[in-house]
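# Structural characterization, general
Read off the chains here:
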Amino acid sequence: MNSTKEKSAVGTAIPATEKDINNLPENIISANKEKINSHSENMTEILKSFCETLKLTDRGKNIVSIFLVTEPVGNQVYMRVAARVTYENGYTKDIDIGCDSGIAVVYDIARSLVYS
């Protein structure tokens, strides 16, 4: 067994055992060079696309549109966020999607349509 320890390349994403890798500063991703894009989900586009998908199903064939609705609550400091489902007969149903991610929005709407 070898008694000398190899120093770790902490922060370089290169294991210390890979000696053949050229560990030059320009080959290391640094936080200041890498452009970090903030990823925010486009709820309007998710609802539009999901609406088209639901129209292909038996349960959603009468849906005309699904769109985002925000309404002030109480003292107008907080906003209620809902997906408004509109049917061919004019009936509308608001489904609470406040603080939901894109996949949670899809789940909440699907769950509401199945169990309503």
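Rules used in this analysis
As a convention, each chain's residues are numbered from 1 in the sequence order in which they are written. Only residues with pLDDT of 70 or above have their local features reported here, since the model is predicted, and side-chain atom pairs are shown and tallied only from 80 upward, although totals for entire chains, interfaces and linings are computed over all residues. Each side-chain value is worked out from all heavy atoms of the structure, with water and hydrogens disregarded. Exposure classes here rest on a 1.4 Å probe applied to the protein chains alone. A residue is buried below 20% of its type maximum, exposed above 50%, and partly exposed in between. Under the DSSP-based scheme used, a helix requires at least four consecutive residues in state H or I and a strand at least two consecutive residues in state E, with every element numbered from the N terminus. For two strands to count as paired, DSSP must find a minimum of two bridges between them. Each axis is a line fitted through C-alpha atoms, and for a helix only the stretch in contact is used; angles between axes span 0 to 180 degrees, taken between their N-to-C directions. Only heavy atoms matter for contacts: two residues are in contact if any of them lie within 4.5 Å across the pair.

A few words now on the pairing of strand β3 (residues 92-96). Successive side chains on a regular strand alternate, one facing one side of the sheet and the next facing the other. Residues Lys93 and Ile95 line the buried face of β3, whereas the alternating positions Thr92, Asp94 and Asp96 sit on a face that is not buried. Pairing of strand β2 (residues 78-87) with β3, which is carried by 5 bridges, proceeds in the antiparallel orientation. Note on β3: the bridge partner recorded for Arg84 is Asp94. The antiparallel hairpin formed by β2 and β3 contains 4 residues in its connecting segment, where Gly90 sits at a positive phi of about 95°.

Spatial ordering of the open sheet is given by β1-β2-β3, a layout of 3 strands whose pairing is antiparallel. Bordering the open sheet on either side are β1 (63-73) and β3, each of which pairs with just one other strand. Averaged over all pairs of adjacent strands, the angle between their axes in this sheet comes to 30°, without regard to strand direction. Contacting β1, β2 and β3, helix α2 (residues 102-114) crosses the sheet at an angle of about 130° to β3.

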